[in-house]
Amino acid sequence: EQTGALFAGETSGHFMFSSLGNYEMPLLVLYYVLKSLTYYGSYEDMIQRVYKYPKCPVTSILVQDKQAVLTNIKESFKNEKQVEIDGISVYGEGFWFNVRSSNTENKIRYSVEADTQEKMNDIIQKLQQIIK
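Conventions used here
Starting from 1, residues in each chain are numbered consecutively following that chain's sequence as written. For a predicted model such as this one, the threshold for reporting local features is a pLDDT of at least 70, and the threshold for listing and counting side-chain atom pairs is 80 or more; totals across whole chains, interfaces and linings nevertheless cover every residue. As a rule here, side-chain values come from all non-hydrogen atoms in the structure, and water together with hydrogens is ignored. Secondary structure counts use DSSP, requiring at least four H or I residues in a row for a helix and at least two E residues in a row for a strand, with both numbered from the N terminus. Partly exposed residues are those whose accessible area sits between 20% and 50% of the maximum for their type, while under 20% is buried and over 50% is exposed, using a 1.4 Å probe and protein chains only. Residue contacts are counted whenever heavy atoms from the two residues lie within 4.5 Å of one another. Here the Shrake-Rupley method, with its probe set to 1.4 Å, supplies the accessible areas, and only the displayed protein chains count as covering residues. When charges are tallied, Lys and Arg are placed among the positive residues and Asp and Glu among the negative ones, while His and the ends of the chain are skipped. Lys charges are placed at NZ, Arg charges at CZ, Asp charges at CG and Glu charges at CD. One speaks of a salt bridge when a side-chain nitrogen belonging to Lys or Arg is within 4 Å of a carboxyl oxygen belonging to Asp or Glu. To qualify as a nonpolar core, a set must consist of buried Ala, Val, Leu, Ile, Met, Phe, Trp, Tyr and Cys residues joined through side-chain atoms within 4.5 Å.

**Student:** Help me get a handle on the overall build of the protein, residues and values and all.
**Tutor:** Of the regular secondary structure elements, the protein holds four helices and seven strands. Taking the principal axes of the C-alpha coordinates as reference, the protein spans close to 45 × 35 × 25 Å. The buried share of the protein, reckoned over its 132 residues, is 25%. Within the protein, contacts between residues at least 6 apart in sequence are counted, and of these 44% link residues at least 24 apart. Per element, the accessible surface of the protein, about 9200 Å² overall, is 51% carbon and sulfur. One finds the centroid of the 14 positive side-chain charges in the protein at a distance of 1 Å from the centroid of its 16 negative side-chain charges.

Have a look at this one:
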């Protein structure tokens, strides 16, 4: 709702469509994924075209002060575009990542995507240094 997006999804399996009241609808997403297979020669071909950028899985790190970690990340990446919806998303040259605090644990969770594996590893290393 905050951004006016038509569709929202999380790696945890939560998927919502704004045109359908923003209700969680993972089975509808599964239907669309299976339907889209008809446009590709195989499942492997579809995955290869969709996943063209290296992406790390969502990683959780136990911390003492979640807010301090988020503040340090914002400051460390202050020269990059930042969006504060569901944590902090940072968009830089050849990469993007999202960092957010857990609502139920003293953990920070992050996910990184980049143009290259090397760039992704570099951003992960920077994040881990800030978080620890």
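Picking up where we left off.
**Student:** Can you break down the pattern of salt bridges residue by residue, with the values?
**Tutor:** The final tally for this structure, using the stated rule, is five salt bridges. Here Glu75 and Lys78 are joined by a salt bridge, their closest N and O atoms 3.0 Å apart. Assessed through its relative accessible area of 47%, Glu75 is described here as partly exposed. Take Lys78: its relative accessible area is 54%, and that puts it in the exposed class.

**Student:** So, unusual backbone geometry: which residues are in play, and what are the values?
**Tutor:** In this structure, Asp86 takes a positive phi of about 55° despite not being glycine. Along the polypeptide, Asp86 turns up in the loop between β4 (81-83) and β5 (88-92). Owing to a relative accessible area of 44%, Asp86 belongs among the partly exposed residues under this scheme.

**Student:** Got a sec to walk through the nonpolar core? Specific residues and values, please.
**Tutor:** With 22 residues, the main nonpolar core has Ile73, Phe77, Phe97, Tyr110, Val112, Leu127 and Ile131 as its most contacted residues. Elements represented by at least two residues in this core include exactly α3 (66-76), β5, β6 (95-101), β7 (107-114) and α4 (117-131). Looking at which element gives the most residues to this core, the answer is α4, with six residues. Not counting the four nearest positions on each side in its chain, Phe97 is found in contact with Ile73, Phe77, Ile88, Ser89, Val90, Ser111, Val112, Ile123 and Leu127.

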